[in-house]
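If you want the building blocks of each chain, they are given just below.
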Amino acid sequence: MTLRVTFDLQEEDLKFFRTQMNKAKKAAKSTSEAEIVAAAEEALETVKGSKVPKFVTERLKKIEALTKMLGDEEWQLEGDERKNVVSALSYFADPEDMIADDIPVIGFIDDAIMIELVVRELSNEIDAYTDFLAYKKSAPKGRESRAEWLASKRKQLYSRMRRRRSRSLAGGRTRVRLF
């Protein structure tokens, strides 16, 4: 049996999450990217080894994808997109976020909510990276031709990612702005 629980976040609630993300962004500025990624990966491993609700583990897979995105040398995410992903990971790497993660069941509710907000905010980046992973599987085998081919695909996907973000901002479709 599954039970679907839904709730609405009002503007005041969203303001609270934006404030939390701003704190994470500030923390990210004073910590190296490598440390943030390592802390996020460690937090993910800790969660995998503990008993957490399925709704949390499903969402944490999305955070794992963000860590892989940063570590993928062929993807080469840069600029504001990279900063936003690092900031998101900075939030999740902090075990003492809004609700301490060691509190059974509810300790990860704030993380699950933030993941939903982050995934919506970074959907263009996540979609582009997912497509890039598919391209990598079908890339030519020769080292130089593979690198050139992937560079071409990466450029196309970056362009699409930024175009979609611009459209969503211009059209007012992005309801939540965390970054």
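Residues numbered from 1 in each chain as written. Predicted model: local features only at pLDDT ≥ 70, side-chain atom pairs only at ≥ 80, totals over all residues. Heavy atoms only, no water.

Draft legend 1. Inspection of unusual backbone geometry at higher detail. Located in the positive-phi region is Gln76, a residue other than glycine, with phi close to 55 degrees. As for its placement among the helices and strands, Gln76 is situated in the loop between helix 3 (54-71) and helix 4 (79-93). Take Gln76: its relative accessible area is 40%, and that puts it in the partly exposed class. (Helix = DSSP H or I, 4+ residues; strand = E, 2+ residues; numbered from the N terminus. Buried < 20%, exposed > 50% of the residue type's maximum accessible area, 1.4 Å probe, protein only.)

Draft legend 2. Quick peek at the pattern of salt bridges. Inspection of the entire model under this criterion finds 11 salt bridges. Lys136 is paired through a salt bridge with Glu74; the nearest N and O atoms lie 3.1 Å apart. Within this pair, whereas Lys136 is found in helix 6 (residues 123-137), its partner Glu74 is found in the loop between helix 3 and helix 4, the two being separated by 62 residues in sequence. Residues joined by salt bridges that share partners form a network here, namely Asp72, Glu74, Lys136 and Arg146. (Salt bridge = Lys/Arg side-chain N within 4 Å of Asp/Glu carboxyl O.)

Draft legend 3. Examining the side chain of Asp72 more closely. Among the secondary structure elements, Asp72 is positioned in the loop between helix 3 and helix 4. With relative accessibility at 10%, the residue Asp72 sits in the buried group.

Draft legend 4. Molecular detail of helix 1 (residues 11-29). Helix length check: helix 1 (19 residues) gives 27 Å between terminal C-alpha atoms against 27 Å at 1.5 Å per residue, within 8%. Every buried residue of helix 1 is listed here: Leu14, Phe17, Arg18, Gln20, Met21, Ala24 and Ala28. Down the axis of helix 1, the buried side of the element spans an arc of 160 degrees, and every buried residue falls inside it. Across from the buried face of helix 1, at angles greater than 90 degrees, the exposed residues are Glu12, Lys23, Lys26 and Lys29. Those residues of helix 1 that are buried are in contact with helix 2 (33-48), helix 4 and helix 5 (109-121). (Expected span 1.5 Å × (residues − 1). Arc of directions from axis to C-beta. Contact = heavy atoms within 4.5 Å.)

Draft legend 5. Looking closely at the nonpolar core. With 45 residues, the main nonpolar core has Met21, Leu66, Trp75, Leu89 and Val118 as its most contacted residues. Going through the elements one at a time, helix 1, helix 2, helix 3, helix 4, helix 5, helix 6 and helix 7 (143-170) are the ones with two or more residues in this core. It is helix 4 that provides the largest number of residues to this core, a total of seven residues. With near-sequence residues (within four places) excluded, Leu66 lies in contact with Val85, Leu89, Val118, Leu122 and Ile126. (Core = buried A, V, L, I, M, F, W, Y, C linked by side-chain atoms within 4.5 Å.)

Draft legend 6. Representation of the packing of aromatic side chains. If you walk through the whole model with that rule in mind, you get six aromatic pairs. When the centroid spacing of 4.9 Å and the interplanar angle of 80 degrees are considered together, the rings of Trp75 and Tyr158 count as edge-to-face. Placement of Trp75 in the loop between helix 3 and helix 4 and of Tyr158 in helix 7 is noted, with a sequence separation of 83 residues between them. We classify Trp75 as buried; its relative accessible area is 0%. Through a chain of ring-to-ring contacts, three or more aromatic side chains come together here, namely Trp75, Tyr129, Phe132 and Tyr158. Sitting over the face of the ring of Tyr135, Lys153 holds its NZ or CZ atom 4.9 Å from the ring centroid. (Phe/Tyr/Trp six-rings, centres within 6.5 Å; stacked < 30°, edge-to-face > 60°. Lys NZ or Arg CZ within 6 Å of the ring centre and 35° of its normal.)

Draft legend 7. A look at a positive patch on the surface. A surface patch of positive charge is lined by Lys23, Lys26, Lys29 and Lys83. In terms of residues, the positive patch owes the most to one element, helix 1, which gives three residues. Here Lys23 shows up in helix 1. (Patch = residues over 30% accessible without salt bridge, like charges linked within 9 Å, V, L, I, M, F, W, Y side chains within 5 Å. Areas by Shrake-Rupley, 256 points an atom, 1.4 Å probe, with all protein chains shown as cover. Lys, Arg positive; Asp, Glu negative; His and termini not counted. Charge placed at Lys NZ, Arg CZ, Asp CG, Glu CD.)

Draft legend 8. Summary view of the environment of Tyr129. Tracing the chain through its elements places Tyr129 in helix 6. Separated by 63 residues in the primary sequence, Tyr129 and Leu66 place their C-alpha atoms 9.2 Å from one another. The contacts of Tyr129, once residues within four sequence positions are left out, are Ala65, Lys68, Met69, Asp72 and Trp75. One polar contact links the side chain of Tyr129 to the main-chain carbonyl oxygen of Lys68, over a distance of 3.5 Å. (Polar contact = N/O pair within 3.5 Å; in protein donor to acceptor, adjacent residues only side chain to side chain.)

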